[in-house]
Amino acid sequence: MTGFGTPVVVTRGYEQSPLVVLLHGRGSHEGDIIGLADALPGTLSYAAVRAPIAENGGFAWFANRGIGRPVPESLRATMDWFRSWLDEAAPPGRPVHLVGFSGGAAFAGGLLLDDPARYAGAAILYGTLPFDAGVPTGPARLTGVPVLVAHGAHDRVIPRELLDRTWSYVTGESGAAATVRLDPVGHGIAPAALDVLADWLTG
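Quantities reported herein were computed from a predicted structural model and do not represent experimental measurements.

(A) Region of the structure containing the environment of Val10. Assignment of secondary structure puts Val10 in strand β1 (residues 9-12). C-alpha of Val10 to C-alpha of Glu30: the two residues are 20 residues apart in sequence and 7.0 Å apart in space. Setting aside anything within four residues of it in sequence, one finds Val10 in contact with Glu30, Ile34, Tyr46, Ala47 and Ala48.

Rendered as structure tokens:
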């Protein structure tokens, strides 16, 4: 992909196991999110990928038109870049779960909506799906696909309208096999949500 180099990736676990791809938030990096693997099943393989766009001392998955609102062309470019890496790292046939936090949640959602059959499921943690960003969000788009959504009741970072729209879509017209939780936290991962995520990954 022109303009993006080879992904920086840190891994844990066994290469033969189902792969869990951890996608960090905006302005963060792969070293921050790989630590989640410590709280998740040791029988799985984990890969934390660095987003390709340098921003404010960290990295981002796409250019924004506003918080939670990806620029469609930017999202398309980074999704294509990611898929080039993924299809080599985990050829079709090896189950892949996406786990994204904040901006990484929007990126995970974009990947899932773009090609639902490619993934075993996606966890959208304290973020929003990328609505109006060039990926399909029509009825029954995620029929039967396991999707976990965790939101913070006191989140002041992601616009509430986008959080509510994500919750409504996943639990309703998307057709997803939805697991949802609302935690009494702000824009951060609640410990109880990690317990649910661990169960969801092996469910």
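(B) Local environment of the pattern of salt bridges. With the rule as written, the count across this model stands at 12 salt bridges. In this structure, the salt-bridge partner of Asp132 is Arg165, at a minimum N-O distance of 3.1 Å. With Asp132 in the loop between β7 (121-125) and β8 (146-152) and Arg165 in helix α4 (residues 160-171), this pair connects stretches of sequence that are 33 residues apart. The class for Arg165 is partly exposed, based on a relative accessible area of 36%. In this structure, Arg160 and Asp164 form a salt bridge, with 3.9 Å as the shortest nitrogen-oxygen distance. Here the residue Arg160 and the residue Asp164 both occupy positions in helix α4, the gap between them amounting to four residues, near one helical turn. The exposure class assigned to Asp164 is partly exposed, which follows from its relative accessible area of 43%. Among the charged side chains, a salt-bridge network with shared partners connects Arg83, Asp87, Asp115 and Arg118.

(C) Broad picture of the nonpolar core. Core analysis: the biggest nonpolar cluster contains 38 residues, and Val21, Phe82, Leu86, Leu98, Phe107 and Val147 have the highest contact counts within it. For this core, the elements supplying multiple residues, two or more each, are β2 (19-23), β3 (45-49), α2 (72-89), β6 (96-101), α3 (103-114), β7, β8 and α4. The element contributing the most residues to this core is α3, with seven residues. With residues up to four places along the chain from it excluded, the contact list for Val21 reads Ala47, Val49, Phe82, Trp85, Leu86, Val96, His97, Leu98 and Val99. Counting 24 residues, the second-largest nonpolar core is a separate cluster that includes Phe101, Leu148, Ala193 and Ala198.

(D) Examining α2 more closely. With 18 residues, α2 ought to run about 26 Å at 1.5 Å a step, and its terminal C-alpha atoms sit 25 Å apart, in line with that. When α2 is considered as a whole, its buried residues turn out to be Ser74, Leu75, Thr78, Met79, Trp81, Phe82, Arg83, Trp85 and Leu86. Contacts made by the buried residues of α2 are with β1, β2, β3, β4 (53-55), β6 and α3.

(E) Seen up close, the pairing of β2. Across the five residues that make up β2, a large majority, five, are buried. The two faces of β2 match: Leu19, Val21 and Leu23 on one face and Val20 and Leu22 on the other face are all buried. For β2 and β3, the ladder comprises five bridges, and the chain directions are parallel. Residue pairing for β3: Leu23 is matched across the bridge by Val49. As paired elements, β2 and β6 share five bridges and run parallel to each other. When the bridges of β6 are listed, Val20 appears paired with His97.

(F) Representation of the side chain of Thr78 in the model. Mapped onto the secondary structure, Thr78 falls in helix α2. Engagement of the side chain of Thr78 in a polar contact is seen with the backbone oxygen of Leu75, the distance being 3.2 Å. Ignoring any residue separated from it by four or fewer positions in sequence, one finds Thr78 in contact with Phe4, Pro52, Ile53, Trp61 and Phe107.

(G) Representation of unusual backbone geometry in the model. Within the chain, Asn56 stands out as a residue other than glycine whose phi angle is a positive 50°. With respect to the helices and strands, Asn56 occurs in the loop between β4 and β5 (58-60). By relative accessible area, which is 78% here, Asn56 ends up exposed.

Conventions used here
Residues numbered from 1 in each chain as written. Predicted model: local features only at pLDDT ≥ 70, side-chain atom pairs only at ≥ 80, totals over all residues. Heavy atoms only, no water. Helix = DSSP H or I, 4+ residues; strand = E, 2+ residues; numbered from the N terminus. Contact = heavy atoms within 4.5 Å. Salt bridge = Lys/Arg side-chain N within 4 Å of Asp/Glu carboxyl O. Buried < 20%, exposed > 50% of the residue type's maximum accessible area, 1.4 Å probe, protein only. Core = buried A, V, L, I, M, F, W, Y, C linked by side-chain atoms within 4.5 Å. Expected span 1.5 Å × (residues − 1). Pairing = 2+ DSSP bridges. Polar contact = N/O pair within 3.5 Å; in protein donor to acceptor, adjacent residues only side chain to side chain.

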